[in-house]
Amino acid sequence: MTDTSTPESSVSASSEAEASSATAEETKTSETVASDGDLFRQSEIAADYVEGLLDILDYDGDIDELVSAGRPMVEVVGGRLQPLVGQRGATLEALQELTRLAIFRATGSPSRLLLDIGGYRASRRKELAAVARNAVEKVKEHGDPVRLEPMSAFERKCVHDVVNAISGVQSESEGVEPNRRIVVRAAD
């Protein structure tokens, strides 16, 4: 048997440079924003995964897959879906993470998939907008910072979006998961 391997000492500097360049190129490619086709593919993978879960759990629901605001989304609509949302969306958040893992397993890339069940996220977004506006009013009236209850990342983003659209106030997150919360205060 003939040894065809190249000893390490004979590897040229140009080969090392090419390998380094290829690694840098792969890093750039993996950091590149996914195309709409890639995002839709992620939503299809997610829809298949969620459909399998619904079958196992014997729940009925219509599944819509779409891409919105540069993000893959899956919406499940139907009756009797509240147990899949759970208390304050906890089960929904867990299902979303499992679905993201399924996408990662299929594509090798992390996903920013947003899963909604029974319109929970849309209605929660409206509630959070009201909470944010109320906090802004208190800050403007009294001048003291307002600390909101701990929230999920989705919920915090909804509040930040509302607060950032209003002049004279700002918001920031503080704390560590699962007790991370938003503080609304007067802008500096």
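See above for the structure.
Reading the values: the criteria
Residues numbered from 1 in each chain as written. Predicted model: local features only at pLDDT ≥ 70, side-chain atom pairs only at ≥ 80, totals over all residues. Heavy atoms only, no water. Patch = residues over 30% accessible without salt bridge, like charges linked within 9 Å, V, L, I, M, F, W, Y side chains within 5 Å. Areas by Shrake-Rupley, 256 points an atom, 1.4 Å probe, with all protein chains shown as cover. Salt bridge = Lys/Arg side-chain N within 4 Å of Asp/Glu carboxyl O. Lys, Arg positive; Asp, Glu negative; His and termini not counted. Charge placed at Lys NZ, Arg CZ, Asp CG, Glu CD. Helix = DSSP H or I, 4+ residues; strand = E, 2+ residues; numbered from the N terminus. Buried < 20%, exposed > 50% of the residue type's maximum accessible area, 1.4 Å probe, protein only. Phe/Tyr/Trp six-rings, centres within 6.5 Å; stacked < 30°, edge-to-face > 60°. Lys NZ or Arg CZ within 6 Å of the ring centre and 35° of its normal. Pairing = 2+ DSSP bridges. Axes fitted to C-alpha atoms, helices over the stretch in contact; angles between N-to-C directions.

Caption draft 1: Up close: a negative patch on the surface. Taken together, the side chains of Asp48, Glu51, Asp55, Asp58, Asp60, Asp62 and Asp64 define an acidic patch exposed on the protein surface. Secondary-structure elements contributing two or more residues to the negative patch are α2 (36–57) and β1 (62–68). Looking at the negative patch, the element that brings in the most residues is α2, giving 3 residues. Owing to a relative accessible area of 65%, aspartate 60 belongs among the exposed residues under this scheme.

Caption draft 2: Structural detail: the packing of aromatic side chains. Counted under the stated rule, the structure contains 0 aromatic pairs. Positioned over the ring face of phenylalanine 154 is arginine 121, at 4.6 Å from the centre of the ring.

Caption draft 3: Up close: the sheet that holds strand β3 (residues 114–117). Read across the open sheet, the 3 strands follow the order β1-β2-β3; overall the sheet is mixed. Only two strands of the sheet have a single neighbouring strand rather than two, namely β1 and β3. Taken over all neighbouring pairs, the strand axes of this sheet differ in orientation by 15° on average, direction set aside. With 4 bridges connecting them, strand β2 (residues 71–77) and β3 associate as parallel partners.

Caption draft 4: Fine view of the pattern of salt bridges. Counted according to the given criterion, the structure contains 10 salt bridges. Note that glutamate 93 and arginine 121 form a salt bridge whose closest N and O atoms lie 3.0 Å from each other. Taken together, the positions of glutamate 93 in helix α4 (residues 90–107) and arginine 121 in helix α5 (residues 120–142) put the pair 28 residues apart, joining distant regions of the chain. The residue glutamate 155 makes a salt bridge to arginine 124 at a minimum N-O spacing of 2.7 Å. Of this pair, glutamate 155 sits in helix α6 (residues 153–164) while arginine 124 sits in helix α5, and the two are 31 residues apart along the sequence. Accessibility assignment for this pair places glutamate 155 and arginine 124 in one class, buried. The network of salt bridges with shared partners includes Arg88, Arg124, Glu127, Glu149 and Glu155.

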